Amino acid sequence: MSEESTGTGTGTGTGAVRRDRFSGGPARGFLSSLAGDARIFDADLAVDRAHVVMLAEQAIITDDVAGEILAALDDVEAAGHDALSDGEDVHEAIETAVIERVGAEGGKMHTARSRNDEVAACLRYRLREDLLNAAETTLRLRDVLADEASAHTETLMPGYTHLQPAQPTTVAHYLLSYESAVARDTERLLDAYARVNESPLGAAAFAGTPFDVDRERTAELLGFDAVLENSMDAVSARDFLVEATSALATHAVTLSGLAEDLVVFANKGYVDLADDYSSTSSIMPQKKNPDTLELVRSVAGDAVGGLSALLTTLKGLPRAYNRDLQNAHPHAFDAVDSVVEATDVAAGAVATATWEEDALRQAADEGFSTATGVADQLAMAGIPFRTAHEILAEAAAAVEDAGTGTPDVATLDAVTADVLGASLFEHVSREAVEAALDPTASVASRDSAGGPAPDAVARALTAVERDLEADAGTVDDARGRLADAHETLETEVTTYV
Ligand code: ARG
């Protein structure tokens, strides 16, 4: 007998599904997912309960049998996952445990379903909770980034391209750049949630069932927002795992960039990480190392590897169910665990770090990073930007040869005369040039939407707060709907027990 039948196992031998013939032999451990299924133990109990309630409502089983099965499920729940007898998976083990308690009638629990729709429902049920947690963790990180940003709207720092000093900016502008990225990560997690939260139950093995099941009802009792219509798709589909893992891997890649920056900034003395988020050397007592952030950086490798393993497992699988699928979902769950932890650690590290304002200020105009600002001044005076670029490039070369950092106004005037045959001050005032060379004024001048000027950053912070509130509301609503469904299911169950 296999899971395809909607049978009434006796619970003898090696469990409700396998019986003696398919005892598993030496491959038993290889076949079994029971240990990893601890993660979906609660989900399976909920799925069982909803299914049994629906079977009774549809008069497919009697209320009495439903009551006995539901009472047994309570008992199985109280005993916990570890008390399950050795089985092929949690679905079989719980069914075996129910049959042990109820007798053969307990086998009616598996009427009109298969482990195929059952496991798919359990995975979705559990993963949606995980995704809400993950989304909520990203909200915490965004909150920390915004908080730190609001404390540093005037804190100058060098901005880089190619890791070369490029233009002065502020710590707030830098931190909000990551807030924006993490905000999209939140959106991706919530997008994935919407497609995870659909019910495959009632699809049975893949081909539907002759029983008059109410698929909408089980979906409702489990808090699923929709029913996956096509029964073959419902059991085969694992793209929901791909979407979730991809959203997590994308977020892990965002985190890895933040972590890398902070490692580099710590190295330059721009940021001092709290001791709690640092480590030391077992031999070099003076060392304070950014180990936590290096580990955060490494989690992207795990998550991307997991996504790749998942996609590779799914590639080319024929319809409908294949046991390969048992090895697919652990990649998603592993990614959730490691990425959520990394997000939490990154948030803690940012919240407790000290930005070294003096060192940052000193570095803010290193490498003549105000050059673009001066070129902008010339362009505003009507000189084609490309010509202005040429003048500043010559000035940069001049100071590079002299090894003097930023050119003074006289040097700028000389190179302008060289290129244009006219004094710099025929085009711009001395004050404007001096302001462009000053990193504070340079930052303040770049007040375009989303730019680093403190005014622009203040506007961005207002928008961030609004978006954070909206996203927190979305997560709360989703949690509320799940809690309501949970309550409804519990109430329904008590009418039978
Ligand atoms: N443990 C299995 C899994 O995770 C449950 C489904 C078993 N179905 C089957 N047709 N063998 O996929």
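The structure under discussion appears in the preceding block.
What counts, and at which threshold
Residues numbered from 1 in each chain as written. Predicted model: local features only at pLDDT ≥ 70, side-chain atom pairs only at ≥ 80, totals over all residues. Heavy atoms only, no water. 1 Å grid on protein atoms, 1.4 Å probe; cavity = no way out; pocket = protein on both sides within 12 Å on 5 of 7 lines; lining within 4 Å. Points joined across faces, edges and corners; volume = space filled by probe spheres on them. Helix = DSSP H or I, 4+ residues; strand = E, 2+ residues; numbered from the N terminus. Nonpolar A, V, L, I, M, F, W, Y, C, P; charged D, E, K, R; others polar. Phe/Tyr/Trp six-rings, centres within 6.5 Å; stacked < 30°, edge-to-face > 60°. Buried < 20%, exposed > 50% of the residue type's maximum accessible area, 1.4 Å probe, protein only. Axes fitted to C-alpha atoms, helices over the stretch in contact; angles between N-to-C directions. Parallel < 35°, antiparallel > 145°, perpendicular 65-115°, else oblique. Left-handed = near helix turned anticlockwise from the far one by under 90°. Contact = heavy atoms within 4.5 Å. Pairing = 2+ DSSP bridges. Salt bridge = Lys/Arg side-chain N within 4 Å of Asp/Glu carboxyl O. Arc of directions from axis to C-beta. Polar contact = N/O pair within 3.5 Å; in protein donor to acceptor, adjacent residues only side chain to side chain.

Engineer: I'd like a rundown of the layout of surface pockets, residues and numbers included.
Structural biologist: In this structure, the largest pocket spans a volume of roughly 490 Å³. Of all elements in the fold, only α2 (41–57), α3 (63–79), α5 (115–151) and α18 (454–494) reach the threshold of two or more residues within the lining of the largest pocket. Top element by residues in the lining of the largest pocket is α18. It accounts for 7 residues. The residue makeup of the lining of the largest pocket, split by class, is 13 nonpolar, 2 polar and 9 charged. When its volume is computed, the second largest pocket comes out at roughly 390 Å³. Considering the residues around the second largest pocket, the lining is formed by 18 residues, among which Gly-367, Phe-368, Ala-371, Thr-372 and Ala-396 are closest to the centre. Secondary-structure elements contributing two or more residues to the lining of the second largest pocket are β2 (164–170), α13 (371–380) and α14 (385–402). Here the lining of the second largest pocket gets 7 residues from one element, more than from any other, and that element is α14.

Engineer: Explain the packing of aromatic side chains to me, using residue names and the numbers behind them.
Structural biologist: This structure, assessed with the given rule, holds 6 aromatic pairs. Residues Phe-265 and Tyr-270 carry aromatic rings whose centres are separated by 6.0 Å and whose planes lie at 45° to one another, so their mutual orientation is tilted. By relative accessible area, which is 4% here, Phe-265 ends up buried. Judged by its relative accessible area of 5%, Tyr-270 falls in the buried class.

Engineer: An account of the packing of helix α6 (residues 171–196) against α18 is requested, with residue identities and associated values reported.
Structural biologist: A pair of packed helices is captured by two measures, namely the crossing angle of their axes and the spacing between those axes. One way to put it is that α6 packs onto α18 with a least axis distance of 11 Å and a crossing angle of 25°. Classed by the angle they form, the pair α6 and α18 counts as roughly parallel. Considering only the axes of α6 and α18, their crossing is left-handed. Taking contact as the criterion, the partners of Ala-172, His-173, Leu-176, Glu-179, Thr-186, Leu-190 and Tyr-193 in α6 are, on α18, Val-457, Ala-460, Leu-461, Val-464, Asp-471, Thr-474, Val-475, Ala-478 and Leu-482. Among the residues making up the contact of α6 with α18, the classes are represented as 11 nonpolar, 3 polar and 2 charged.

Engineer: So what's going on with the pairing of strand β1 (residues 156–161)? Which residues, and what values?
Structural biologist: It is a general feature of regular strands that their side chains alternate between the two faces of the sheet. When β1 meets β2, the two strands line up antiparallel, connected through 6 bridges. If you follow Gly-159 over to β2, its bridge partner there is Gln-167. Counting the residues in the hairpin turn of β1 and β2 gives 2 residues, including His-162, whose phi is positive at 55°.

Engineer: Any chance you could break down unusual backbone geometry for me, citing the residues and the numbers?
Structural biologist: Of the consecutive residues Arg-319 and Ala-320, the connecting peptide bond is found in the cis state with omega at 0°. Its place among the elements puts Ala-320 in the loop between α10 (291–314) and α11 (329–352). A positive phi angle is found at Ala-59, which is not glycine, with a value near 60°. Take Ala-59: it is sitting in the loop between α2 and α3.

Engineer: With reference to specific residues and values, describe the pattern of salt bridges.
Structural biologist: Note on pairing: side chains with opposite charge can pair once their charged atoms come close. One pass over the structure, following the stated rule, counts 27 salt bridges. One network of salt bridges, in which partners are shared, links Arg-39, Arg-126, Asp-130 and Asp-337.

Engineer: Requested: an account of helix α16 (residues 430–437), with residues and values cited.
Structural biologist: Listed in full, the buried residues belonging to α16 are Ala-432, Val-433, Ala-436 and Leu-437. Buried residues of α16 fall within an arc of 135° about the axis and therefore sit on the same side.

Engineer: If you had to explain the environment of Ala-35 to someone new, which residues and values would you point to?
Structural biologist: On the secondary structure map, Ala-35 appears in the loop between α1 (28–31) and α2. Between the C-alpha atom of Ala-35 and that of Val-90, which follows or precedes it by 55 residues, the distance is 8.4 Å.

Engineer: Go over the packing of α5 against α6, please, and point to the residues and values.
Structural biologist: α6 packs onto α5 with a crossing angle of 165° between their chain directions and a minimal axis gap of 9 Å. Classified by the angle between their axes, α5 and α6 sit roughly antiparallel to one another. Crossing of α5 against α6: the hand is left-handed. Classifying every residue of the contact of α5 with α6 by side-chain character gives 21 nonpolar, 2 polar and 6 charged.

Engineer: Break down the side chain of Asp-89 for me, citing the residues and quoting the values.
Structural biologist: Mapped onto the elements, Asp-89 comes out in the loop between α3 and α4 (90–102). Judged by relative accessible area, Asp-89 falls into the buried class, the value being 5%. A polar side-chain atom of Asp-89 sits 2.9 Å from the main-chain amide nitrogen of Glu-92. There is a polar contact of 2.5 Å between the side chain of Asp-89 and the side chain of Arg-115. Aside from chain neighbours lying at most four places away, what touches Asp-89 is Ser-33, Leu-34, Asp-37 and Arg-115.

Read these as geometric descriptors, not functional statements.
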